[in-house]
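These are the residues of each chain, in order.
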Amino acid sequence: MSVFIQQLPALLGVVIGALGSYAAIMRGDRARFRREQAARWEERRLAVYSDYARSLKKSVTLAYRVAAHLGNDPHPHPLSPEDAAPLLAEASDARDPSGEALLMLGSRDEVQKAREWVVVALEMESFLREGRRAPDAWTALLEKQRAAREAYYAAVRRDMALSPGHSGRWELPPRLDP
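Quick caveat: nothing in here was measured; it's all calculated off a predicted structure.

Cut-off values and rules
Residues numbered from 1 in each chain as written. Predicted model: local features only at pLDDT ≥ 70, side-chain atom pairs only at ≥ 80, totals over all residues. Heavy atoms only, no water. Helix = DSSP H or I, 4+ residues; strand = E, 2+ residues; numbered from the N terminus. Buried < 20%, exposed > 50% of the residue type's maximum accessible area, 1.4 Å probe, protein only. Contact = heavy atoms within 4.5 Å. Areas by Shrake-Rupley, 256 points an atom, 1.4 Å probe, with all protein chains shown as cover. Lys, Arg positive; Asp, Glu negative; His and termini not counted. Charge placed at Lys NZ, Arg CZ, Asp CG, Glu CD. Polar contact = N/O pair within 3.5 Å; in protein donor to acceptor, adjacent residues only side chain to side chain. Axes fitted to C-alpha atoms, helices over the stretch in contact; angles between N-to-C directions. Parallel < 35°, antiparallel > 145°, perpendicular 65-115°, else oblique. Left-handed = near helix turned anticlockwise from the far one by under 90°. Phe/Tyr/Trp six-rings, centres within 6.5 Å; stacked < 30°, edge-to-face > 60°. Lys NZ or Arg CZ within 6 Å of the ring centre and 35° of its normal. Nonpolar A, V, L, I, M, F, W, Y, C, P; charged D, E, K, R; others polar. Core = buried A, V, L, I, M, F, W, Y, C linked by side-chain atoms within 4.5 Å. Salt bridge = Lys/Arg side-chain N within 4 Å of Asp/Glu carboxyl O.

J.: Where do I start with the overall build of the chain in this structure?
T.: Summing up its helical and strand segments, the chain has 4 helices and 0 strands in all. For the chain, the C-alpha atoms occupy an extent of roughly 110 × 30 × 25 Å along the three principal directions. Across the 178 residues in the chain, those meeting the buried criterion constitute 28%. For the chain, the share of sequence-separated contacts (at least 6 apart) that also reach a separation of at least 24 residues comes to 69%. Summed over its atoms, the accessible surface of the chain is roughly 11700 Å², and 61% of this surface lies on carbon and sulfur atoms. Averaging the locations of the 26 positively and 24 negatively charged side chains of the chain gives two centres separated by 7 Å.

Shown next, in the form of structure tokens:
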């Protein structure tokens, strides 16, 4: 029995070392799992933010083209309201699923900024459905849309901890009226 008692401290040391090693490994694995999971959700959120922006930008670009047909915008590829109607409907339909994903994964600020941007896009579409020919009013609406888009992108960059980035405003040549 005295041999067992003499070996007991060494045996306890081995057991304590094994338990400590197990705890350290489990803690490290748990931390790595959390980091990887956070990175996966970050990637998904960025994809959702991008998909929503892309789908809304498609509607906005179609609006530019229709406005050019009506004489309100300098877009180089005018599109008649009749030809644009099915494309606008398709763009609107494509926007719905990306909007739902945004509601599910986006934070409150990004969802709010996305809502503000889409409201302006809907105002643009309404302006065009009325067939208005008012370049100054259209320009004001464009500025409102650009500000809403810029606010959305800024909110996304803040959420994703990215640098501020570019405003996306490009200086266009002056419009030539025929």
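That was the structure; now back to the text.
J.: Hey, could you run me through the side chain of Asp-73 in this one?
T.: As for its position among the elements, Asp-73 is in the loop between helix 1 (2–69) and helix 2 (81–105). Engagement of the side chain of Asp-73 in a polar contact is seen with the side chain of Trp-138, the distance being 2.9 Å.

J.: Looking at this structure, how should I read unusual backbone geometry?
T.: Among all residues save glycine, negative phi is the norm, and among peptide bonds the norm is trans. You will see that Ala-161, though not glycine, has its phi angle at about 55 degrees, which is positive. Structurally, Ala-161 is set in the segment after helix 4 (135–159).

J.: I tried to follow the packing of helix 2 against helix 3 (residues 108–129) on my own but got confused; where do I start?
T.: Any two packed helices are characterised by the angle at which their axes cross and by the distance between the axes. Put simply, helix 2 and helix 3 touch, their axes get as near as 12 Å, and they point 165 degrees apart. What the angle tells us is that helix 2 and helix 3 run roughly antiparallel. Note on packing geometry: the crossing formed by helix 2 with helix 3 is left-handed. Contacts from Leu-88, Arg-95, Leu-102 and Leu-103 in helix 2 reach Val-111, Ala-114, Val-118, Leu-122 and Glu-125 in helix 3.

J.: Any chance you could explain the packing of aromatic side chains here in plain terms?
T.: The description of an aromatic ring pair rests on the distance of the ring centres and on the angle between the ring planes. Inspection of every chain in the model, using the stated rule, returns 5 aromatic pairs. Taking the centre distance of 5.8 Å and the plane angle of 65 degrees together, the rings of Trp-117 and Tyr-153 count as edge-to-face. Residue Trp-117 is found in helix 3, and its partner Tyr-153 is found in helix 4; the two are separated by 36 residues along the sequence. Residue Tyr-153 is classed as partly exposed on the basis of its relative accessible area, which comes to 28%. A network of ring pairs unites the aromatic residues Tyr-52, Trp-117, Tyr-152 and Tyr-153 as a single cluster. Looking at Arg-44, its charged tip hangs above the ring of Trp-41, at a distance of 4.9 Å from the centre.

J.: How should the packing of helix 3 against helix 4 be read in this particular structure?
T.: Where helix 3 meets helix 4, the axes come as close as 9 Å, and the angle between the chain directions of the two elements is 160 degrees. Taken together, the axes of helix 3 and helix 4 are roughly antiparallel relative to one another. Of the two elements, helix 3 crosses helix 4, and the hand of that crossing is left-handed. Of the residues belonging to the contact of helix 3 with helix 4, the class tally is 16 nonpolar, 1 polar and 9 charged.

J.: How should the nonpolar core be read in this particular structure?
T.: Nonpolar side chains in soluble globular proteins tend to be buried together. Within the largest apolar cluster, 33 residues are counted, with the highest numbers of intra-cluster contacts made by Tyr-52, Leu-102, Trp-117, Met-124, Leu-128, Trp-138 and Tyr-152. Looking at this core, the elements that each hand over two or more residues are helix 1, helix 2, helix 3 and helix 4. Per element, the largest residue contribution to this core is 11 residues, and it comes from helix 1. Residues in contact with Leu-128, not counting those within four places in the same chain, are Ala-63, Val-66, Ala-67, Leu-70 and Trp-138.

J.: Quick question: what am I supposed to make of the pattern of salt bridges here?
T.: Pairing is possible between side chains of opposite charge, provided their charged atoms come close. If you walk through the whole model with that rule in mind, you get 9 salt bridges. The shortest N-O distance in the salt bridge between Arg-54 and Asp-51 comes to 2.8 Å. Placement of the pair is Arg-54 and Asp-51 together in helix 1, with a separation of 3 residues, close to one helical turn. Arg-54 sits in the exposed class, given a relative accessible area of 55%.

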